[in-house]
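One letter stands for each residue in the lines below.
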Amino acid sequence: MICGRRARPTAEQPRTPPDVSGGPRRPGRALKKMGLTEDEDVQRMLRGSIFRKIKSRGCPRERLFRLQEDGVTVCFEGRFGRTRSQQSFSVMHIEGVREGHQSEGLRKYGAAFPEQHCFTLVFKGKRKNLDLAARGEEDARHWVQGLTKLMGQLQAMSQPEKLDHWIHGVLQRADRNKDNKMSFREVKSMLRMINIDMDDVYAYKLFKECDRSGDERLEGRELEEFCRRLLQRPELEELFRRYSGEDCILSAEELQDFLRDQGEDASLRQARAVIRAYELNEKARQQDLMMLDGFMMYLLSAAGDILNQEHTKVHQDMSQPLCHYFISSSHNTYLTRNQIGGTSSTEAYVSRALMAGCRCVELDCWEGSDGEPVVYHGHTLTSKILFRDVIESIRDYAFKRSPYPVILSLENHCGLEQQATMAQHMKAVLGDMLLTQPLEGQDPHDLPSPEQLKGKVLVKGKKLPELWHEPQGVTSLPHKEEEEEEEEEEKLQETSRQRSLQSLQEIKPLQAKDASQVAPELSAMVVYCQAVPFPGLARALRHPRPYEMSSFSERKARKLIKEAGPALIRYNTRQLSRVYPLGLKMNSSNYNPQEMWNAGCQLVALNFQTPGYEMDLNAGRFLGNGRCGYVLKPPCLRSPPGEGPHHLALHVRVITAQQLPKLNREKGSSIVDPFVRVEIHGIPADCSKQQTHHKLNNGKHLPGHHGPATSPWGHPRHLVPRVLQHTPPSGAPQGPRMPRGAPGHPVPADTPGHPIPADTSGHPVPRGTPGHPKAPWSPGLA
């Protein structure tokens, strides 16, 4: 059969290809260390399997997928020798594996393939899902089970094991002819791969020093020695010698001194525990001694992060009212791109929001065909998705990342009939997850706590008066919610600005005539988040109603902050408020969330699909407390007027960074000119930034910045540090934003060589004392 561009996928089995498995492949050293060399699932992955990539367009094409000997890299090729560039991905970048038709792509386009043959790879970050269909159930099962085992083993690796694994992975990629030896030419290629621009004379000198055999090839121990010399950090060696003395061996007592100098209340027993956990030399470990390699392993481990490891778990008091927490919130959650012509997707609710700890998602609901309400951005060219599909995705993933309540912010444009349908879908799909009654024994004048609402889904929407005597059981509420008024006004302005675009002129969203009314069935879903027009601060403060909440555009919120900031803070101690971006922003850009948090606003909604410093701040704000999506506000924002500010002088010293990521990954010869900028975001008086000098052509090693950045802050418990590594173009002191994992993104603590340089949880640096030399920052080893 000839597949054209519009051909529909079929489940027909293709002709059996020639031997694509390439025969048995020898497991690499990494798999031996994982204990998976004899594993049946991994053996199948090493031989390779044929899968169809399921996409929205065209005929699903077959690809050969094969696990490499490093146990981490999966390569896939074109069909049976067709000329095509080889692509790959790392198992370490996989967030999860879903069996069957458990993705939007497979539900829409994979119906022709048996569910037992299908699975989805969900990647971390912004990489799209990979939907695959195997030729048989056995192949799919082997890969699902094998990937799950590999992910578990990689996650359980110690820091030394991760470093060793990284070294051998780089060597395998650089060894072009796969002879397990590396010529000087291959070594230079490897240096470019890990972002090192080294002088050829110096590189060759280092090469010859490691070439013990003298055959102009490095292998085995010679290769390891070469890589370890590349990873040397003079600044850390100097720090080690300062405490170890001339013998360059750190005793438990000397390590205890080092830990105490970092502001830690360390005992001799704790120092010995550190040695036993991180020292690489077995004899030294038995004698409670630490060598330089072990010391560096400790500093580069999660235990060396300046982010308190207790904050990677839920550690705050979760029994206070909802209004006492900042709550991670998303605006236009369904969008994957801009709000004019972007694609709407249920996956946006899953990977970008709920699995990232977001606890308040938005659903813009409009009249759909066949009596089924849809979700999309009205008055625009964005695609539509079914309301029921969204609710099903929320049911499946609401509490996988965090057990604390999820709020559904409904922007309703449906008529009474489809409103009732929305209520039916929520009740049928969510079941006991859906909160439809006040909690028993809860004071109606106070909001319940996240702890009390664990595992519950709350609906934010309009609520009919309880004692309403309308014959037909429905009513028009007296006024639109302020959010809807402002959004409608902004959309009208937006449309008038776009009259030259014929496509936008013809957009007429299907909004029912009775959309201003509220169906009793939908009203019954609303309990603690009753959307009401903002009554004004004076009235709201005189007659607080904690179960009511209002929404403000960023413009309205700024006006309130400017005119009555202290009153708005008092308002937010009793009631919830939501802030959202202006609808006029066609590119779905964001606003600075910090100024809204300064006023105590809890639900500061951002466009999660738009990267930038605003989302960096949001990620930093919710990095702590186990990334559960709820962060307790500082005391001054919970019960003002509180105690006066305690001034804090924070000293930041950049010690070292190594193997910094490339700006242009497509250009093999590109090398970065890095510098580090540290920004502090809080109340206006506390905001500041400082940066190091840039280092030309040096991705290998960024030397320490010996002039510590020091600033006094009046509200240290309300700060969000942001650390960026920039690459200035042509030596200029400014540079473009780097990709994920580098500037402005909190570096994950479970990634090798990624110590967190600052506590981005919004609290004082827990271990930081002036001159804190701990936690050298490396944005990456590869």
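From a predicted model like this one, the values you see are computed outputs, not experimental measurements.

Rules used throughout
- Every residue gets a number counted from 1 within its own chain, in the order that chain's sequence is written.
- Only residues with pLDDT of 70 or above have their local features reported here, since the model is predicted, and side-chain atom pairs are shown and tallied only from 80 upward, although totals for entire chains, interfaces and linings are computed over all residues.
- Remark: hydrogens and water are excluded; side-chain values derive from all non-hydrogen atoms of the structure.
- Put simply, DSSP marks the helices as runs of H or I at least four residues long and the strands as runs of E at least two long, and each gets a number from the N terminus on.
- Only protein chains enter the calculation, and the probe is 1.4 Å; a residue is then buried if its accessible area is under 20% of its type maximum, exposed if over 50%, and partly exposed in between.
- Note on contacts: a residue pair qualifies if any of its non-hydrogen atoms lie within 4.5 Å across the two residues.
- Throughout, the Shrake-Rupley method with a 1.4 Å probe supplies accessible areas, and for residues the shown protein chains are the sole cover considered.
- Take the buried residues of types Ala, Val, Leu, Ile, Met, Phe, Trp, Tyr and Cys, join any two whose side-chain atoms come within 4.5 Å, and each joined set is a nonpolar core.
- One side-chain nitrogen of Lys or Arg within 4 Å of one carboxyl oxygen of Asp or Glu is enough to make a salt bridge.
- Exposure above 30% relative accessible area and the absence of a salt bridge qualify a residue for a patch, where like charges join within 9 Å and nonpolar side chains (Val, Leu, Ile, Met, Phe, Trp, Tyr) within 5 Å.
- Under the counting rule used here, the positive set is Lys and Arg, the negative set is Asp and Glu, and His together with the chain ends is not counted.
- For the purpose of locating charges, the reference atoms are NZ of Lys, CZ of Arg, CG of Asp and CD of Glu.
- Aromatic rings from Phe, Tyr and Trp, taking only the six-membered ring of Trp, are treated as a pair when their centres fall within 6.5 Å; an angle between ring planes under 30 degrees marks them as stacked, one over 60 as edge-to-face, and anything in between as tilted.
- Axes, fitted as lines to C-alpha atoms, cover a helix only where it is in contact. Angles between the N-to-C directions of the axes lie from 0 to 180 degrees.
- Put simply, angles under 35 degrees are roughly parallel, angles over 145 are roughly antiparallel, angles from 65 to 115 are roughly perpendicular, and the rest are oblique.
- Each helix crossing is assigned a hand: it is left-handed if the near helix lies turned anticlockwise from the far helix by less than a right angle, otherwise right-handed if that turn is clockwise.
- Gly is placed with the polar residues, together with every amino acid not listed as nonpolar (Ala, Val, Leu, Ile, Met, Phe, Trp, Tyr, Cys and Pro) or charged (Asp, Glu, Lys and Arg).
- The pairing criterion for strands is at least two bridges between them, as found by DSSP.
- Any two cysteine sulfur atoms lying within 2.5 Å of each other are counted as a disulfide.
- Any pair of N or O atoms that falls within 3.5 Å is considered a polar contact. Within protein, one atom must be able to donate a hydrogen and the other to accept it, and sequence-neighbouring residues count only if both atoms are side-chain atoms.
- As a per-residue quantity, pLDDT reports the predictor's confidence and falls between 0 and 100.
- In this description, the arc belongs to the directions extending from the helix axis to the C-beta atoms.

What about the overall build of the chain?
Argument step 1. For the chain, the count of helices and strands is 23 helices and 29 strands.
Argument step 2. Going through the 782 residues of the chain one by one, you find that 55% of them count as buried.
Argument step 3. Within the chain, contacts between residues at least 6 apart in sequence are counted, and of these 70% link residues at least 24 apart.
Argument step 4. Surface accessibility of the chain: about 35,200 Å² in total, with carbon and sulfur atoms responsible for 49%.

Here we look at the nonpolar core
Argument step 1. With 58 residues, the main nonpolar core has Leu363, Leu408, Leu410 and Met426 as its most contacted residues.
Argument step 2. Ranked by the residues each element gives to this core, the list is headed by helix α21 (residues 554-571), at six residues.
Argument step 3. Leu31, Val42, Phe65 and Phe76 belong to the second largest nonpolar core, which has 29 residues in total.

Some remarks on the pattern of salt bridges
Argument step 1. Enumeration over the complete set of coordinates arrives at 22 salt bridges.
Argument step 2. For Arg578, the salt bridge is made with Glu362, and the minimal N-O distance between the two is 3.6 Å. Within this pair, whereas Arg578 is found in strand β20 (residues 577-580), its partner Glu362 is found in strand β11 (residues 360-366), the two being separated by 216 residues in sequence. No difference in accessibility class separates Arg578 from Glu362, as the two residues are buried.

Remarks on a positive patch on the surface
Argument step 1. On the surface, a cluster of positive charge is made up of Lys55, Arg61, Lys128 and Arg337.
Argument step 2. Structurally, Lys55 can be placed in the loop between β1 (49-53) and β2 (61-67).

With respect to the side chain of Thr346
Argument step 1. Relative to the helices and strands, Thr346 resides in the loop between β10 (325-330) and α14 (347-353).
Argument step 2. Those residues in contact with Thr346 that sit more than four places away from it in its chain are Glu104, Arg107, Ile385, Asp389, Val390 and Ser393.

Some remarks on the packing of aromatic side chains
Argument step 1. Enumeration over the complete set of coordinates arrives at 20 aromatic pairs.
Argument step 2. Arranged with centres 4.8 Å apart and planes meeting at 15°, the rings of Phe65 and Phe76 form a pair that is stacked. Remark: Phe76 occurs in strand β3 (residues 73-77) and Phe65 occurs in strand β2; sequence separation between them is eleven residues.
Argument step 3. Owing to a relative accessible area of 1%, Phe65 belongs among the buried residues under this scheme.
Argument step 4. Between Phe240 and Phe295, the ring centres sit 5.3 Å apart and the planes meet at 50°, which makes this aromatic pair tilted.

Structural notes on the packing of helix α7 (residues 200-210) against helix α8 (residues 221-230)
Between two packed helices, the angle of one axis relative to the other and the distance separating the axes together describe the packing.
Argument step 1. Remark: α7 packs on α8, axes separated minimally by 9 Å, with the N-to-C direction vectors making an angle of 140°. With respect to α8, the axis of α7 lies oblique. The element α7 and its partner α8 pack so that their crossing is right-handed. In contact with Ala203, Leu206, Phe207, Glu209 and Cys210 of α7, α8 contributes Glu222, Glu225, Phe226, Arg229 and Leu230.
Argument step 2. Of the residues contributing to the contact of α7 with α8, the split by class is six nonpolar, no polar and four charged.

Considering the sheet that holds β3
The strands that make up a sheet pair up through hydrogen bonds in the backbone, lying either parallel or antiparallel.
Argument step 1. The sheet built from seven strands is open, its strands ordered β4-β3-β2-β1-β7-β6-β5 with antiparallel pairing. Both edges of this open sheet fall to β4 (87-90) and β5 (94-99), since each of them pairs with a single strand only. For this sheet the average axis-to-axis angle between neighbouring strands, irrespective of direction, equals 30°.
Argument step 2. Pairing of β1 with β2, which is carried by five bridges, proceeds in the antiparallel orientation. Bridge pairing in β2 places Ser49 opposite Phe65.
Argument step 3. In this fold helix α2 (residues 40-47) packs onto β1 and β2, with an angle of close to 125° to the strand it touches most, β2.

Observations concerning the state of the cysteines
Argument step 1. As enumerated under the stated definition, the model contains zero disulfides in all.
Argument step 2. Counting only cysteine sulfurs, Cys358 is the nearest neighbor of Cys360, a cysteine outside any disulfide, at a range of 6.6 Å.

Considering the environment of Pro674
Argument step 1. Structurally, Pro674 is set in the loop between β24 (657-658) and β25 (675-681).
Argument step 2. Sequence-wise, Pro674 and His693 are 19 residues apart; in three dimensions their C-alpha atoms are separated by 8.4 Å.

Structural notes on the side chain of Arg44
Argument step 1. Relative to the helices and strands, Arg44 resides in helix α2.
Argument step 2. At 3.5 Å, the side chain of Arg44 and the side chain of Glu138 are in polar contact.
Argument step 3. Filtering out sequence-adjacent residues up to four positions away, Arg44 remains in contact with Ser49, Glu138, Asp139 and His142.

Thoughts on unusual backbone geometry
Argument step 1. For Asn625, which is not a glycine, the phi torsion comes out positive at approximately 55°.
Argument step 2. Of note, Asn625 is situated in the loop between α23 (613-621) and β22 (630-632).
Argument step 3. By relative accessible area, which is 1% here, Asn625 ends up buried.
Argument step 4. Phi is positive for Arg627, which is not a glycine, with a value near 55°.
Argument step 5. Tracing the backbone shows Arg627 in the loop between α23 and β22.

So, the confidence of the model for the chain
Argument step 1. Per-residue confidence for the chain gives a mean pLDDT of 78, with 73% of residues at or over 70.
Argument step 2. Across residues 705-710 the pLDDT falls below 50, and counting only partners more than four positions away or on other chains, this stretch makes 14 contacts in the model.
Argument step 3. Residue range residues 727-782 is modelled with pLDDT below 50. Its contacts to residues more than four positions away, or to other chains, number 199 contacts.

Things to note about the environment of Gln418
Argument step 1. Here Gln418 is to be found in helix α16 (residues 416-430).
Argument step 2. Residue class for Gln418 comes out buried when judged on its relative accessible area of 5%.
Argument step 3. Through-space distance from the C-alpha of Gln418 to that of Ala519 is 9.0 Å; in sequence the pair is 101 residues apart.
Argument step 4. Dropping the residues within four chain positions of it, Gln418 is found in contact with Trp366, Glu367, Gly368, Gly371, Glu372 and Pro373.
Argument step 5. A polar side-chain atom of Gln418 sits 2.9 Å from the main-chain carbonyl oxygen of Gly368.

Description of helix α10 (residues 252-261)
Argument step 1. Among the residues making up α10, those that are buried are Ala252, Leu255, Gln256, Phe258 and Leu259. The arc that holds the buried residues of α10, viewed along the axis, is 160°, so those residues lie on one side.
Argument step 2. Residues of α10 that are buried in the fold lie against α9 (234-244), β8 (250-251), α11 (268-278), β9 (289-290) and α13 (292-299).
Argument step 3. Looking at the residues trailing α10, positive phi occurs at Gly263, about 90°.

A look at the packing of helix α6 (residues 184-193) against α8
Argument step 1. It is the contact of α6 with α8, at a shortest axis distance of 13 Å, that shows an interaxial angle of 35°. In the packing of α6 onto α8, the handedness of the crossing is right-handed. Residues Val187, Met190 and Leu191 of α6 touch α8, and the partners they reach there are Phe226, Cys227 and Leu230.
Argument step 2. Broken down by class, the residue content of the contact of α6 with α8 amounts to six nonpolar, no polar and no charged.

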